[in-house]
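# Structural description and commentary
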Amino acid sequence: MQLGLVGLGRMGGNMARRLVAGGHEVVVWDRSADAVQTLARGGASGAGSLADLVARLASPRAVWIMVPAGDATEQTVTALAEHLQQGDTVIDGGNSYFKDDVRRAAALATRGIHYLDVGTSGGVWGAERGYCLMIGGPQHAAARLTPVFRTLAPGQGSQPPSRGLDTAKTTAHEGFLYCGPSGAGHFVKMIHNGIEYGLMQAYAEGLDILKNASAKTLDPDLRYDLNIADVTEVWRRGSVVSSWLLDLTAHALAENPTLSNYEGVVADSGEGRWTVMAAVEEGVPADVLSASLYARFRSRQEHTFAEKVLSAMRQKFGGHVERPASG
């Protein structure tokens, strides 16, 4: 299938590579000419501008945007729409706020342009592992892009579908899912990221307790000098708390048991805040998710081992580099 892709950063570039490897014709553009040339050498078709990208696509066109949420996405959607026609589709694969999706979809619909919001999880490992995709927007527009979603997604692999799941009625077992109308994809991804905050915080706090089990304030008979790297490694095997996040944490600790290469300044990219806001609007208690967000705020003022663990996990799964506390 033919697809345009705008934004060739950590995730966008890897998605383009996975699509090319899957046999799709991918036309790419980025503000960085070097990024475009790199993908062109790998089999993609490089465009010199948004207008050039659109001109290289046959109607009905589909253009996937992978740029930072907020102004960058807003400007890109607006600029791109000027070159598109009725029946074309814009896909926002970033981490946009779902209410912005609803607004954009309504604005583009007046021009006959479809808008899909696709929550995309997979980080810097997606090129190899595949991406978990949560899709919102017009169902017919999403259905037309099934070949693209199927290539980007991990597929069923060795993980059998849950017992009782009717695989004839869903694609969830393949790693991509149509969630509902405009905004639904990014709403589901938003909650996914809120849960991610809670999971990461639980690991970080637990490991911090283990690290401090040798504190001099404790009874000498109740002190334990634990090898935290080994503990996370053994938890990876047969434990009920095993997960990919734990795998990445174990890798980081094996490389540097003290995590001295991290300050512990933990950023939040917006989804955690929006998750808490949604909980307030729905009247749903979200104690753990709220606390994990506030812990990130605290990390910019003081740094514990728990915050270093969080920083290590973010760097490992998403390539996120710490910003200075004042940044």
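The preceding data block contains the structure.
Note that the structure is predicted; figures quoted are calculated from it, not measured. (Residues numbered from 1 in each chain as written. Predicted model: local features only at pLDDT ≥ 70, side-chain atom pairs only at ≥ 80, totals over all residues. Heavy atoms only, no water.)

Overall, mixed pairing links the eight strands, which are arranged β3-β2-β1-β4-β5-β6-β7-β8 in an open sheet. Of all the strands in the sheet, the pair left with one neighbour each is β3 (45-46) and β8 (176-180). Pairing analysis gives two bridges linking strand β2 (residues 25-29) to β3, with the strands arranged parallel. When the bridges of β3 are listed, Val-27 appears paired with Ser-45. Strand contacts of helix α4 (residues 71-81): β1 (2-6), β4 (62-65), β5 (89-92) and β6 (114-121), with the helix running at about 165 degrees to β4, the strand carrying the most contacts. (Pairing = 2+ DSSP bridges. Helix = DSSP H or I, 4+ residues; strand = E, 2+ residues; numbered from the N terminus. Contact = heavy atoms within 4.5 Å. Axes fitted to C-alpha atoms, helices over the stretch in contact; angles between N-to-C directions.)

This brings us to the side chain of Ser-121. The residue Ser-121 is located in strand β6 in this model. For Ser-121, a relative accessible area of 19% translates into the label buried. Within the local environment of Ser-121, its side chain forms a polar contact with the side chain of His-192, the two groups lying 3.3 Å apart. With residues near it in sequence (within four places) discarded, Ser-121 still touches Gly-130, Tyr-131, Cys-132, Met-134, Lys-189 and His-192. (Buried < 20%, exposed > 50% of the residue type's maximum accessible area, 1.4 Å probe, protein only. Polar contact = N/O pair within 3.5 Å; in protein donor to acceptor, adjacent residues only side chain to side chain.)

Moving on to the pattern of salt bridges. This structure, assessed with the given rule, holds 18 salt bridges. A salt bridge links Asp-166 to Lys-169; the shortest N-O distance between them is 3.9 Å. For Lys-316, the salt bridge identified is with Glu-255, shortest N-O distance 2.7 Å. On the criterion of sequence distance, the pair formed by Lys-316 in helix α14 (residues 305-318) and Glu-255 in helix α11 (residues 244-255) is long-range, its members being 61 residues apart. A single network of salt bridges, built from pairs that share partners, joins Glu-74, Asp-92, Asp-100, Asp-101, Arg-103 and Arg-104. (Salt bridge = Lys/Arg side-chain N within 4 Å of Asp/Glu carboxyl O.)

Turning our attention to the pairing of β1. On a regular strand, each side chain points to the face opposite its neighbour's, so the side chains alternate between the two faces of the sheet. Most of β1 sits out of view: four of its five residues are buried. Alignment of β1 against β2, held across five bridges, turns out to be parallel. Directly across from Gly-4, in β2, lies its bridge partner Val-27. The parallel pair β1 and β2, bridged by helix α1 (residues 10-21), forms a crossover whose chirality is right-handed. Of the pairings in the sheet, the one linking β1 to β4 comprises three bridges and is parallel in character. Looking at the pairing, Gly-4 lines up with Val-63 of β4. (Right-handed = clockwise from strand over helix to strand, strands pointing away.)

A cluster of nonpolar side chains, Leu-222, Tyr-224 and Leu-226, forms an exposed patch at the surface whose accessible area comes to about 300 Å². Secondary-structure assignment places Tyr-224 in the loop between α9 (184-211) and α10 (228-235). Exposure remark for Tyr-224: the relative accessible area of 47% places this residue in the partly exposed category. (Patch = residues over 30% accessible without salt bridge, like charges linked within 9 Å, V, L, I, M, F, W, Y side chains within 5 Å. Areas by Shrake-Rupley, 256 points an atom, 1.4 Å probe, with all protein chains shown as cover.)

Aromatic rings in a pair are described by how distant their centres are and how their planes are angled relative to each other. In this structure the tally under the stated criterion is six aromatic pairs. The interplanar angle of 70 degrees and the centroid separation of 6.1 Å between the aromatic rings of Trp-64 and Phe-149 together place this pair among those described as edge-to-face. Pair noted here: Trp-64 is in strand β4 and Phe-149 is in helix α8 (residues 146-152), with a separation of 85 residues, a long-range link. Comparing Trp-64 with Phe-149, the two get one shared label, buried. (Phe/Tyr/Trp six-rings, centres within 6.5 Å; stacked < 30°, edge-to-face > 60°.)

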